[in-house]
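# Coordinates in review
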Amino acid sequence: MSRIPPVSEPRTAKFHLARWLWVFAGLVALGLGIIGIVLPILPTTPFALLAAMCFAKGSPRLHHWLLSHPWFGPGIKNWHNHGVIAPRAKRMACFAMASVWVFSLIMGLHWKIIAVQALCLFGAATFILTRPSHPKTQDK
């Protein structure tokens with residue numbers, strides 16, 4: 001007769017710890033996203049998307065709350081369902097990136113830092129601007 005080791009107890013403890021870690025990570029991401037609303041240096045949307053992913057793994061209640069939130073919900077749903085970034089969000093993201101780069105120029109940072117920053121921001125802006133602005137409609 002083979003004996004099956006009890007796996008439910010450690011698994012449950014690990015599961016609860018993992019859920020709390022996902023919730024904590026989601027709260028940190030959401031907090032950074034909220035700070036990003038007023039600070040152009042921090043992007044709000046990526047942190048909101050990260051918070052949604054973390055909450056989906058850690059707390060269905062918080063995930064539902066975030067998706068039904070009037071500010072964060074529509075953007076997260078559009079990205080998740082259609083890969084869409086709203087035109088206003090694109091403009092704000094590009095403005096924030098350009099502002100940070102100009103601020104770096106004004107501060108007189110070393111040209112290598114400015115060049116690396118320009119490449120990274122250009123790559124991020126290219127990604128953002130090449131995403132669709134509206135969900136595709138299906139013609140019947």
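The rules behind these values
- Residues numbered from 1 in each chain as written.
- Predicted model: local features only at pLDDT ≥ 70, side-chain atom pairs only at ≥ 80, totals over all residues.
- Heavy atoms only, no water.
- Core = buried A, V, L, I, M, F, W, Y, C linked by side-chain atoms within 4.5 Å.
- Buried < 20%, exposed > 50% of the residue type's maximum accessible area, 1.4 Å probe, protein only.
- Helix = DSSP H or I, 4+ residues; strand = E, 2+ residues; numbered from the N terminus.
- Expected span 1.5 Å × (residues − 1).
- Arc of directions from axis to C-beta.
- pLDDT = per-residue confidence, 0-100.
- Contact = heavy atoms within 4.5 Å.
- Patch = residues over 30% accessible without salt bridge, like charges linked within 9 Å, V, L, I, M, F, W, Y side chains within 5 Å.
- Areas by Shrake-Rupley, 256 points an atom, 1.4 Å probe, with all protein chains shown as cover.
- Salt bridge = Lys/Arg side-chain N within 4 Å of Asp/Glu carboxyl O.
- Polar contact = N/O pair within 3.5 Å; in protein donor to acceptor, adjacent residues only side chain to side chain.
- Axes fitted to C-alpha atoms, helices over the stretch in contact; angles between N-to-C directions.
- Parallel < 35°, antiparallel > 145°, perpendicular 65-115°, else oblique.
- Nonpolar A, V, L, I, M, F, W, Y, C, P; charged D, E, K, R; others polar.

What follows is about the nonpolar core. Counting eleven residues, the largest nonpolar core is built from Val23, Ala29, Leu30, Ala48, Ala51, Ala52, Phe55, Leu62, Leu66, Phe72 and Ile76. Going through the elements one at a time, helix H1 (8–38), helix H2 (44–58) and helix H3 (60–67) are the ones with two or more residues in this core. With four residues, the single largest contributor to this core is H2.

What follows deals with helix H5 (residues 87–107). Taking 1.5 Å as the rise per residue, H5 with 21 residues should run 30 Å; its terminal C-alpha atoms sit 30 Å apart, in good agreement. Of all the residues in H5, the buried ones are Lys90, Ala96, Met97 and Ser104. The buried residues of H5 all sit within an arc of 135 degrees when viewed along its axis, so they share a single face. Away from its buried face, by an angle of more than 90 degrees, H5 presents the exposed residues Arg88, Arg91, Phe95 and Ile106. In the segment just after H5, Gly108 is the residue with positive phi, at about 75 degrees.

Here the protein chain shows a mean pLDDT of 85. Residues at 70 or above account for 86%. By mean pLDDT, the top-scoring element of the protein chain is H3 (94), and the lowest-scoring one is H1 (82). Every residue in residues 4–10 scores below 50 in pLDDT, and together they form zero contacts with partners more than four places removed in sequence or on other chains.

Taken together, Ile34, Ile35, Ile37, Val38, Leu39 and Trp71 make up a surface patch of nonpolar side chains, about 630 Å² in accessible area. As for its position among the elements, Trp71 is in the loop between H3 and helix H4 (73–82).

The next subject is the side chain of Lys90. Along the chain, Lys90 turns up in helix H5. Judged by relative accessible area, Lys90 falls into the buried class, the value being 7%. A distance of 2.4 Å separates a polar side-chain atom of Lys90 from the backbone oxygen of Arg131. A distance of 2.9 Å separates the side chain of Lys90 from the side chain of Ser133, its partner in a polar contact. Not counting chain neighbours up to four residues away, the residues in contact with Lys90 comprise Ile85, Ile128, Leu129, Arg131, Pro132 and Ser133.

At a minimum axis distance of 10 Å, the contact between H5 and helix H6 (residues 111–130) shows a crossing angle of 175 degrees. The orientation of H5 relative to H6 falls into the category roughly antiparallel. Residues Lys90, Ala93, Cys94, Met97, Val100, Trp101, Ser104 and Leu105 of H5 form the contact with H6, whose own contacting residues are Ile114, Gln117, Ala118, Leu121, Ala124, Ala125, Ile128 and Leu129. The class makeup of the residues in the contact of H5 with H6 is 13 nonpolar, two polar and one charged.

With that settled, the discussion passes to the environment of Phe47. Here Phe47 lies in helix H2. Each C-alpha atom of the pair Phe47 and Ile34 lies 8.6 Å from the other, and the pair is 13 residues apart in sequence. When near neighbours in sequence (up to four residues on either side) are disregarded, Phe47 contacts Ala29, Leu30, Leu32, Gly33 and Leu42.

So, on to the packing of H2 against H3. If you want to describe how two helices pack, look at the angle between their axes and the distance between the axes. With their axes 6 Å apart at the nearest point, H2 and H3 run at an angle of 150 degrees to one another. Contacts between H2 and H3 involve Ala48, Ala51, Ala52, Phe55, Ala56 and Gly58 on the former and, on the latter, Pro60, Leu62, His63 and Leu66.

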